Amino acid sequence: MPQDDFLAVDEPTGREGSPNPTGRTDLLKDDPAVVGQRLIADWNGSTRELKPLLEQWKVNRARTLGYTGVKLIKVQNEARAYFPLGATQGSDHLNKAARLCRRIRSVLFADPPKPDAIPSTGEDDDVENAAFATRVLEDVCSEGKLDYGLAAGDAFDRGSDYASGFLRFWVDPKGGGWQPREVMAHPQAQTADAAMRDPVSGLEANPDALVSRYVRQDGTLTDQRTDPNLERMWLPSVERELLTGKHVRLLPATCEDIWDATGMMIGAMIPLNAVSRQFPDLARLSKDELEALADSKPPGADELLPASKRGYKPANPAERPVFVLTRYELACDDYPQGVYAIAVGAEGKVVHRQPWYDTRNNAALDLPATQFKQFADEDNPYGRATMENLGPGNEHLQAISGGMFQHLERFGHRKQYLPLHSNLTPEQLQSPTYTVLSIVPNGEPRFEEIPDFPAMAEKMYGRLTAEMDDESGLQQVAQGVNSPSVQSGTHAQTIIEQVNQGLSDLREHTERGLVRGWRIVLQLIRAYYTVPQRIQWVGEDGAYKAQTWTASDLGSTRDVRLKRGSFTQLAPSAKAEVAGLHLQSGAISPEEYQEALASQTGGLVGLQDNPHRMRARGQVARWREGPPEGWAPPEPQPDPQTGEPVATPDPVLGAIFDPRDVDDDPSVAKLRAFELG
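So, here's what we can say about the structure. (Residues numbered from 1 in each chain as written. Predicted model: local features only at pLDDT ≥ 70, side-chain atom pairs only at ≥ 80, totals over all residues. Heavy atoms only, no water.)

Topic: the pairing of strand 12 (residues 339-344)
Filter applied, for reference: Buried residues are those whose accessible area, probed at 1.4 Å on protein chains only, stays under 20% of the maximum for their type, while exposed residues exceed 50% and partly exposed ones sit between those limits. Secondary structure elements follow DSSP: runs of H or I of four or more residues count as helices, runs of E of two or more count as strands, with numbering from the N terminus. The criterion for strand pairing is that DSSP finds at least two bridges linking the strands in question.
Of all 6 residues that make up strand 12, 6 are buried, and the element is covered over most of its length. Here strand 12 shows a buried face lined by V339, A341 and A343 and a second buried face lined by Y340, I342 and V344. Bridge analysis of strand 11 (residues 321-329) against strand 12 gives 6 bridges, and the strand direction is antiparallel. In the sheet register, Y328 faces strand 12, and the bridge partner there is Y340. Relative to strand 13 (residues 349-354), strand 12 is paired through 5 bridges, and the arrangement is antiparallel.

Written as structure tokens, this is what we have:
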């Protein structure tokens, strides 16, 4: 990476040029030109205030890439990133600081995090809504959609250089694709206009009797998804983007983090064609006006691009990056329903603004982003990066390594001392063809004696390595390196537990960011998913299932927590070993241990699902679905001998819990009792 990519920083103008530098601007009602200039002025002011951190992050990033001699210096009370003249990247295998940062992420995310929605009350409906919200979150955050687990790990990884990584979420109205239109309708309804009415009685249909059906282009309904004449519509989807402190500016600047912030600015460089498609006002501009808009960007905007893309101008003008500034304000006295505004270019052309509020559910919205902070720092809301702690030690290690390589180089090119009275010539000594040389007595050459490399330097190298391991919170066993001092598996497990304790602060910050992200996704779904969606999953019984749902199916569920047993920093085999210890102590039953073993290590060893367990789970799942429409308990029949009423077997329950001969087997009966209980 060119050195200039790190050093080139434009000086922002702060609040200069603002039409109202000290007064208040109403971001929703004032003239768009005034609002745009205000937004850009606030962004420029935040860039100036953030400049010391931006310089520190450059140093951190350069150290991660292997540059040596990089440091933060002060020039006339101004912090600047200093690069030695001709600085180049070193070898990756000598960059211990970057290696430790990668391994911290590997340890933290060894056990993938999973969401667990919290019921708003203890009522059965709220509990069921929360369970369904959990299933929706797992589907929306799965691979192929948000891929939230991987994105969260990447955001945490960015925090190694930038102190915090951010994930911003939004709803793309067309992100779900061009799909057949589905409506909730009575099973016998004929048209979409009469979908909610019972065709027999003509009255409004019972909501429990409604099913998902497809609408044809002529307005009639069908149950066939493959019908070529179906009406189609765009479906929404939740999207996300990975950001750092270069892009995200929290408001006010004195807040502790995003949880304490009342507003947020996000600056990004986005291809012009993508921006013009999203905002009709830009689509009406001429080609020259669009190119002028791409050229118009505030100072330092190129820093928002990857280093390899700075200064790059694609051949297609429509693909040129343009500066886009997004501003969010939470609900407050000035803005009872918050603010959501977008401006483009250095002049702040306002292309969108609206309240930031869930009008469908009459609820305030949070800032649609989550923060993965590494270490808290009272001086700034972004925190402190791991590279700030490990980077200086890396410089010392590489200095000692450089001395070692110089010593080896000198040893491999030792000088030869030839006596003055010797009959040999330098050419004879250097020629590979001279295999036999005749010399006079005491005329043989002598090699330069190179002293051994100082033992103190080797000891210092080992001490610095241990100090960096300790500073990172990772010992050798946690890094996947077998240490000779580890005598047993229990000893190694004890070290790993100590490592987890050492990483507890990082884990707490990460868990907080994970939970906030899930909550934001749930908020956006409730607010902006206005058409039915289809969810597919594999149930506890291993059966494939699908269901059409709407935002109303989430009920009043709003809060999410980390699912118990996930994000433990333990590998599956380690979790199974912990379960084995609990089994030995009697804390869990053999059935519970078998369940834990199957769920944690079944995929690793190809363990097949127990058919008796899966059958019992399938029966429970069908029972939880509730009785079919029109079901009523059978009437008791009189006993022919006594005349007393006797309970009649329910054919519906009989079809679910159909008895089999194998159920009488003691091991199967014990397993079924555990699952049914």
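Moving on, there is more to tell.
A look at the packing of helix 4 (residues 96-108) against helix 6 (residues 148-162)
When two helices pack together, you describe them by how their axes are tilted relative to each other and by the distance separating the axes. The line we're drawing: Axes here mean lines fitted to C-alpha atoms, for a helix over just the part in contact, with angles spanning 0 to 180 degrees between N-to-C directions. Crossings are assigned a handedness: left-handed for a near helix turned anticlockwise from the far helix by less than a right angle, right-handed for a clockwise turn. By definition in these notes, contact holds between two residues if any of their heavy atoms fall within 4.5 Å. The residue classification treats Ala, Val, Leu, Ile, Met, Phe, Trp, Tyr, Cys and Pro as nonpolar and Asp, Glu, Lys and Arg as charged. All others, Gly included, are polar.
For the pair helix 4 and helix 6, the least separation of the axes is 10 Å and the interaxial angle reads 145°. Along this stretch, helix 4 crosses helix 6, giving a crossing that reads as right-handed. On helix 6, the residues touching C101, I104, R105 and L108 of helix 4 are L150, G153, D154, F156, D157 and S160. For the contact of helix 4 with helix 6, the per-class residue count stands at 5 nonpolar, 2 polar and 3 charged.

Observations concerning the sheet that holds strand 7 (residues 221-222)
Taken in spatial order, the 3 strands of this open sheet run 5-6-7, and their pairing is antiparallel. In this open sheet, the two strands that pair with only one neighbour each are strand 5 (182-185) and strand 7. Where strand 5 lies against strand 6 (residues 211-215), 4 bridges are found, and the strand directions are antiparallel. Within strand 6, the position partnered with A185 by the bridge is V211.

Let's talk about the packing of helix 4 against helix 12 (residues 455-472)
Our working definition: What sets the label is the angle itself: under 35 degrees gives roughly parallel, over 145 gives roughly antiparallel, 65 to 115 gives roughly perpendicular, and the rest give oblique.
Running from amino to carboxyl end, helix 4 crosses helix 12 at an angle of 30°, the nearest separation of the two axes being 10 Å. Here helix 4 lies roughly parallel to helix 12, going by the angle between them. Taken as a pair, helix 4 and helix 12 cross one another with a handedness that is right-handed. Residues K96, A97, L100 and I104 of helix 4 lie in contact with helix 12, whose contacting residues are T465, M468, D469 and S472. Within the contact of helix 4 with helix 12, the residues separate by chemical class into 4 nonpolar, 2 polar and 2 charged.

What to know about a negative patch on the surface
The line we're drawing: Like charges within 9 Å and nonpolar side chains (Val, Leu, Ile, Met, Phe, Trp, Tyr) within 5 Å are joined into patches, using only residues over 30% in relative accessible area that form no salt bridge. Each accessible area value is a Shrake-Rupley result obtained with a 1.4 Å probe; residue values ignore everything except the protein chains displayed when judging cover. In what follows, salt bridge is the name for a side-chain nitrogen of Lys or Arg lying within 4 Å of a carboxyl oxygen of Asp or Glu. When charges are counted, neither His nor the chain ends are considered; positive counts come from Lys and Arg and negative counts from Asp and Glu. Here the site of a charge means atom NZ of a Lys, CZ of an Arg, CG of an Asp or CD of a Glu.
A contiguous patch of negative charge, built from E123, D124, D125 and E128, is present on the exposed surface. Turning to its location among the elements, D124 is positioned in helix 5 (residues 124-140).

Here we look at the environment of T134
With respect to the secondary-structure elements, T134 resides in helix 5. Using a relative accessible area of 12% as the deciding quantity, one classes T134 as buried. A sequence separation of 427 residues divides T134 from R561, and the C-alpha atoms of the two residues are 10.0 Å apart.

Quick notes on the pairing of strand 10 (residues 263-271)
In terms of burial, strand 10 is largely enclosed, as 7 of its 9 residues are buried. Where strand 9 (residues 248-251) meets strand 10, 4 bridges bridge the pair, whose relative direction is antiparallel. Bridge pairing in strand 10 links L251 to G263. The sheet contact formed by strand 10 and strand 11 spans 9 bridges and is antiparallel. Note that in strand 11 the partner of M265 across the bridge is R327.

Considering helix 10 (residues 386-412)
This is how it is decided: Helix span, as expected, comes to 1.5 Å for every residue beyond the first. Think of it this way: the bend at a residue is just the angle between two axes, each fitted to seven residues, one set ending at that residue and the other starting at it.
Between its first and last C-alpha, helix 10 extends 38 Å over 27 residues, near the 39 Å set by a 1.5 Å rise per residue. P392 marks the point of greatest bend in helix 10, at about 25°. Of all the positions in helix 10, only T386, M387, E388, L390, G391, G393, N394, E395, L397, Q398, I400 and S401 are classed as buried. Of the surrounding secondary structure, the elements contacted by the buried residues of helix 10 are helix 3 (51-64), helix 4, helix 6 and helix 12.

Quick look at the pattern of salt bridges
What the rule picks out here adds up to 26 salt bridges. Residues E231 and R181 are paired through a salt bridge, measuring 3.5 Å at the closest nitrogen-oxygen approach. Of this pair, E231 sits in the loop between strand 7 and strand 8 (232-244) while R181 sits in the loop between strand 4 (164-180) and strand 5, placing them 50 residues apart in sequence. Residue class for E231 comes out partly exposed when judged on its relative accessible area of 28%. For D295, the salt bridge is made with R320, and the minimal N-O distance between the two is 2.1 Å. One end of the pair, D295, is in helix 9 (residues 287-295); the other, R320, is in the loop between helix 9 and strand 11, with 25 residues separating them in the sequence. Note on R320: relative accessible area 13%, which makes it buried.

Structural notes on a nonpolar patch on the surface
A cluster of nonpolar side chains, namely Y434, L437 and I439, defines an oily patch on the protein surface of about 250 Å² accessible area. Within the element layout of this structure, L437 appears in the loop between helix 11 (426-430) and strand 18 (446-447). Judged by its relative accessible area of 32%, L437 falls in the partly exposed class.

Comments concerning unusual backbone geometry
A cis amide bond, omega -5°, links L251 with the succeeding residue P252. Assignment of secondary structure puts P252 in the loop between strand 9 and strand 10. Even without a glycine there, the phi angle at N442 is positive, about 60°. With respect to the element layout, N442 can be found in the loop between helix 11 and strand 18.

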